[in-house]
Amino acid sequence: MITVSLPDGSERELPAGSTALDLAASIGSGLKKAAVAATVNGIDTDLTTEVADGDVVAIITNNTDEGRHVLRHSTAHVLAQAVTLLYPGAKFSIGPAIENGFYYDFDLPDDQTFTEEDLGTIEKKMKEIVKANQPFTRSEHSMAEAKELFADQPYKVEIIERVESAGADDLDAGEVSGDVISAYRNTDEFVDMCVGPHVPSTGKLPWFKLQKVAGAHWRGNESGKMLQRLYGTAWESKQALADHLHQLEEAAKRDHRKLANELDLLSFPQELGGGLAVWHPKGAIIRKLMEDYSRLRHETGGYEFVYTPHLANGKLFETSGHLQWYADGMYPPMEMDNGTYYMKPMNCPMHCLIFKGRQRSYRELPLRLFELGNVYRYERAGTLHGLLRIRGFTQDDSHIYCTKEQLADEIASLLDFVLSVLRAFGFEDFTFNLSTKDPEKYVGSDEIWEEATAALKSAIESHGLEYQVKEGDAAFYGPKIDIDVRDAIGRSWQLSTIQADFQLPERFELEYVGADNERHRPIMLHRALFGSIERFFGVLIEHYAGAFPTWLSPLQVRVLPVAEAHEEHVEKVVGELQGAGVRVDWVKADVGLGKRIRTAKMEKLPYVLVVGDDDVAANTVGVNLRHDMVEEGQDDVERDVPLATFIERFRAEVDNAATAALNA
RNA sequence: GCCCUCUUAGCUCAGUCGGUAGAGCACAGCCAUGGUAAGGCUGGUGUCGUGAGUUCGAUUCUCACAGAGGGCUCCA
C-alpha cells in the first residue's frame, strides 16, 4: 500500500501501482466522472499516471478553469484526428486551448480549403471519435525519435528542430517542454506531439461545437504561410455548452453595428468608402451630448481649447516623424502647387505648432491644449471593424506640456479625471496597463524613461489601483498607461490612454524659459479619455445594449393618446414637456395602442406616457418605464401620475445623472 | 495586406440546377376608435453591390473591383 496526501491535508491509502484516476475513483464516483487530469507534487499530469508513496495529489475536475483547459486541449486533438481522416495528407501545426475553447491550424494538401459547410462534416467525424472512446496514450521520445515519428508532419518537425537549436518560444510551449518530446496517441494512425496533460479518453469530450473557419499565419508572422484555422468551443456539460452559446447570442444582440442600424444612429454607406461613417440625427444627439459633456469637463479642468485643420503640408509630418514611420497608415499625398498635403493622422504636430507659436515661460506650464480633433488613418482593409476600428474618427485629444517636475502630479490628476469621465458613462470596472520601454526601439535617454515610468507607476499606485505591467509594450517615444473598462456583460475594452512623449518636443525643438532664465525642453503628454468618440460610442452602445440612460437617450419620452379624442390634449402635454427640456414626441392614435407601445419598446425609449379619458380630465399620465429601469418588485406601468409630478421626477433623474457625472 | 464567407425591396432574409424574382416587418390607402409589446383588408416597392467576360440569354457561371462579416497580422 502507498499513502498519498490530498490538497486538504488528508491522506489516503491506495494499493501500490494505483493511478491518479484510481485515487479519484476511491474518493467517489462523481469525482471519477468529473476528473480530467491531476496535479502530482505540483506538476500537471495525466490521470493514468501512477502515483507514488508520499505524493501530494490534486484531482483536476472538468468544471474548473484548469479542467476545461485540459478538455479543450484534448478536443483540439480530436479535431486534428478528424481532419486527417477526412483530408488525407493534411498537415497540422498547433492546436492550443484558448479562452472558452480551442483552435487547430491546418495546411491542407492540393490547396484545399475549409468552408463553413465543412464544419458540420468535421464535427460529425469528431463525434464518432468521441463515441469510440479512444485512449490518450502518452509516450516520450528523444529528438531523433520524435523527428522520425512526425516525419510526415513538417510543422511538428520544425518545432522539434527549433527546440533542438534552443530556439523554442512561447508559440511552441503547448507542444514541447524540456528536452524530451512527449506525444499522445489516440489510434494507430493518429498521434500528436503535445506536453499534455490530456483526458484519459475521448469519451470525456462530448460537449463541443466547431464555430468558425479562419486564416492564420504560421507562427503568427505576417510573412508566414497562411494556414487554415478551425475554432471551436468545449465544455464540461451540455448545460455549460448551451449557456456559453446562449451568452454568445446575447453578445451578438448587443453588437453596435446591428444596434446602430436598428436604432437609426449611424451608418457606413458603401458609397462613402470603407471605414467611414455618417451620423444620423439620433446618433448625433448622443454624440453631441458626449461632446458637450467632454467640453464641459475640460473647460472646468484647466484645459485650453484649440482647433486645427484636417490636412497639413507634408513637411509638418516630416518634422513630426509620422511620414517616416507611419506613411502606410496615412491617406496618400495630395500634390498641390505649393507643396504636398496629407490628411492628418494625429493632432499632436499641430498642437506643437501652437506651443511653438511664441516664446513660452515655465509660468505657463502645465499648458493643456484640448481639441476634439478629426483624424484620418488608412487602416488596412482587413482590420476595419464597425466603429471600433474606423478610418475617419474624432479624438478627445489633449497634449499637455509640462516640466519634468510637474509630470508626476499631472499624471496623478489625469487619472482622477479619466476615471471620473468614464464613470459618468456607466463604467465602474477598470484595468490599468503600464507599458514600458521596448529596449529594441526607443528614443530618449534611459534616465528620462525611468523617471517617466516611475511617475506613471506611482500615480497608479497612489490611487490604490491594480495594474499590469506590459514590458516592452510602449511606443518608441515614451511609456504609457492604457485603461481598459469592463462592460455590462464582462467584456474588456481599451479606451483611455495617457502617454509620455520625449520625441516630439525634440523634433519640434520645443522650449520654455525656466525660473533660471535658461531654455528647457518640456515633456509632452498625449492623452485621450474616450480614445475616439466613434470607438467610445460603439462600446457605449454595446455596454447599454442600445438602452441608453435617460440623459443620453436621443428621444426620452413618447406620449401616446389612447384614442383620437385625446390628441388635442396630448399636444398640450408634449408642449409642456418640451418646455421642461424633455426630448419628446407623440404618435397619433391611428394604430392600436398595443402596437404603438411595442414600437416604442423596440426603439428602447426610456418613458412612454399614455393619455386617455381619465388623464385628460385630471391632467395626469400613465407612465410606462423601459424594462431595465423598472426596479425589483415595481410595476412597469403607473397610472394617474400628475403631469407635474412626472416632470419633477424626470428632471430629478436627468439632472442627477448630469450633476452626478459632473461631480464624480 | 493575407485566408474563408457574404452582398437580392427601407430592414431581416428566401429563391432562380442560366430564361430579369418572393416572404415577414416597414411603408401607403381604406376600414376598425382601441388603456399598455403586433386589429383587419388592399396596394406599391427592386438597375439582384459595380464593371467586364462566357452565353441566343447572366441576379444565377468566371474574373476584376468595391463594401461587409469571421479570423491572422497590424493599430502612432
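What you are looking at is a predicted structure, and each value in this text was computed from that prediction instead of being measured. (Residues numbered from 1 in each chain as written. Chains lettered and ligands numbered in written order. Predicted model: local features only at pLDDT ≥ 70, side-chain atom pairs only at ≥ 80, totals over all residues. Heavy atoms only, no water.)

1. Examining the nonpolar core
Counting residues in hydrophobic clusters, the biggest one holds 86 residues, and the most contacted among them are Phe425, Val557, Val559, Leu577 and Phe646. Ranked by the residues each element gives to this core, the list is headed by helix H13 (residues 407-424), at 11 residues. When residues of this core are assigned to domains, at least three fall in each of domain 3 (281-304 + 347-544) and domain 5 (550-662). The residues contacting Phe425, other than those within four sequence positions of it, are Met290, Tyr293, Phe530, Phe536, Leu540, His543, Tyr544, Trp551 and Leu552. Membership of the second largest hydrophobic core comes to 35 residues, among which are Ala80, Phe102, Cys194 and Leu205. (Core = buried A, V, L, I, M, F, W, Y, C linked by side-chain atoms within 4.5 Å. Buried < 20%, exposed > 50% of the residue type's maximum accessible area, 1.4 Å probe, protein only. Helix = DSSP H or I, 4+ residues; strand = E, 2+ residues; numbered from the N terminus. Domains from an automatic or database assignment. Contact = heavy atoms within 4.5 Å.)

2. Considering helix H18 (residues 593-602)
When H18 is considered as a whole, its buried residues turn out to be Arg596, Ile597 and Ala600. The buried side chains of H18 occupy one side of the element, clustering within an arc of 100 degrees when seen end-on. Turned more than 90 degrees off the buried face of H18, the exposed positions are Gly594, Lys595 and Met602. Considering only its buried residues, H18 is in contact with strand E30 (557-561), strand E32 (607-611) and strand E33 (620-625). One or two steps after H18, the chain reaches Lys604, where phi turns positive at roughly 60 degrees. (Arc of directions from axis to C-beta.)

3. Description of the protein's contact with RNA strand B
What surrounds RNA strand B is a group of 56 residues, the closest being Gln228, Lys595, Arg598, Asp615 and Asn624. Sugar plus phosphate, as a fraction of atoms of RNA strand B within 4 Å of the protein: 49%. Within the backbone of Gly329, an N or O atom sits 3.4 Å from a base nitrogen of RNA strand B. Here Asn624 contributes a side-chain N or O atom positioned 2.4 Å from a base oxygen of RNA strand B. Counting only elements with at least two residues in the surface near RNA strand B, the list comes to strand E12 (208-217), strand E13 (226-234), helix H8 (256-262), helix H11 (322-326), H18, helix H19 (613-618), E33 and strand E34 (637-642). (Near = heavy atom within 4 Å. Polar contact = N/O pair within 3.5 Å; in protein donor to acceptor, adjacent residues only side chain to side chain.)

4. Focus: the pairing of strand E3 (residues 35-40)
In terms of residue burial, E3 counts as a mostly covered element, since 6 of its 6 residues are buried. In terms of strand pairing, E3 meets strand E5 (residues 57-61) through 5 bridges, oriented antiparallel. The partner of Val40 across the bridge, within E5, is Val57. Note that E3 and strand E4 (residues 43-45) share 3 bridges and pair antiparallel. The partner of Ala38 across the bridge, within E4, is Thr45. The hairpin formed by E3 and E4 contains 2 residues between the paired strands, and Asn41 there has a positive phi angle of roughly 50 degrees. (Pairing = 2+ DSSP bridges.)

5. Focus on the sheet that holds strand E9 (residues 137-141)
Sheet architecture is open: 3 strands sit in the order E9-E10-E11, paired in antiparallel fashion. Looking at the sheet topology across the chains shown, the edges are occupied by E9 and strand E11 (191-193). When the angles between neighbouring strand axes are averaged without regard to direction, this sheet yields 30 degrees. Sheet analysis places strand E10 (residues 181-185) next to E11, joined by 3 bridges and oriented antiparallel. Opposite Arg185, over in E11, you have Val191 as the bridge partner. (Axes fitted to C-alpha atoms, helices over the stretch in contact; angles between N-to-C directions.)

6. As for the packing of aromatic side chains
Summed over the entire model, instances satisfying the criterion amount to 29 aromatic pairs. Centre to centre, the rings of Phe106 and Phe114 are 5.8 Å apart; their planes meet at 80 degrees, and the pair counts as edge-to-face. A network of ring pairs unites the aromatic residues Tyr87, Phe92, Tyr104, Phe106, Phe114 and Phe190 as a single cluster. Over the aromatic face of Tyr103 sits the side chain of Arg229, whose NZ or CZ is 3.6 Å from the ring centroid. (Phe/Tyr/Trp six-rings, centres within 6.5 Å; stacked < 30°, edge-to-face > 60°. Lys NZ or Arg CZ within 6 Å of the ring centre and 35° of its normal.)

7. Section: the pattern of salt bridges
The tally for this structure, following the rule as stated, stands at 41 salt bridges. Residue Asp107 pairs with Lys225 through a salt bridge whose shortest N-O separation is 3.9 Å. One end of the pair, Asp107, is in strand E8 (residues 101-107); the other, Lys225, is in the loop between E12 and E13, with 118 residues separating them in the sequence. When its relative accessible area of 18% is taken as the criterion, Asp107 is described as buried. Exposure remark for Lys225: the relative accessible area of 43% places this residue in the partly exposed category. The partner of Glu542 in a salt bridge is Arg491, and the shortest N-O contact between them spans 3.0 Å. Here Glu542 is found in helix H16 (residues 533-544), whereas its partner Arg491 is found in the loop between strand E25 (480-486) and strand E26 (492-501), with 51 residues between them in sequence. By relative accessible area, which is 5% here, Glu542 ends up buried. Through salt bridges that share partners, Glu158, Arg162, Asp172 and Arg219 make up one connected network. (Salt bridge = Lys/Arg side-chain N within 4 Å of Asp/Glu carboxyl O.)

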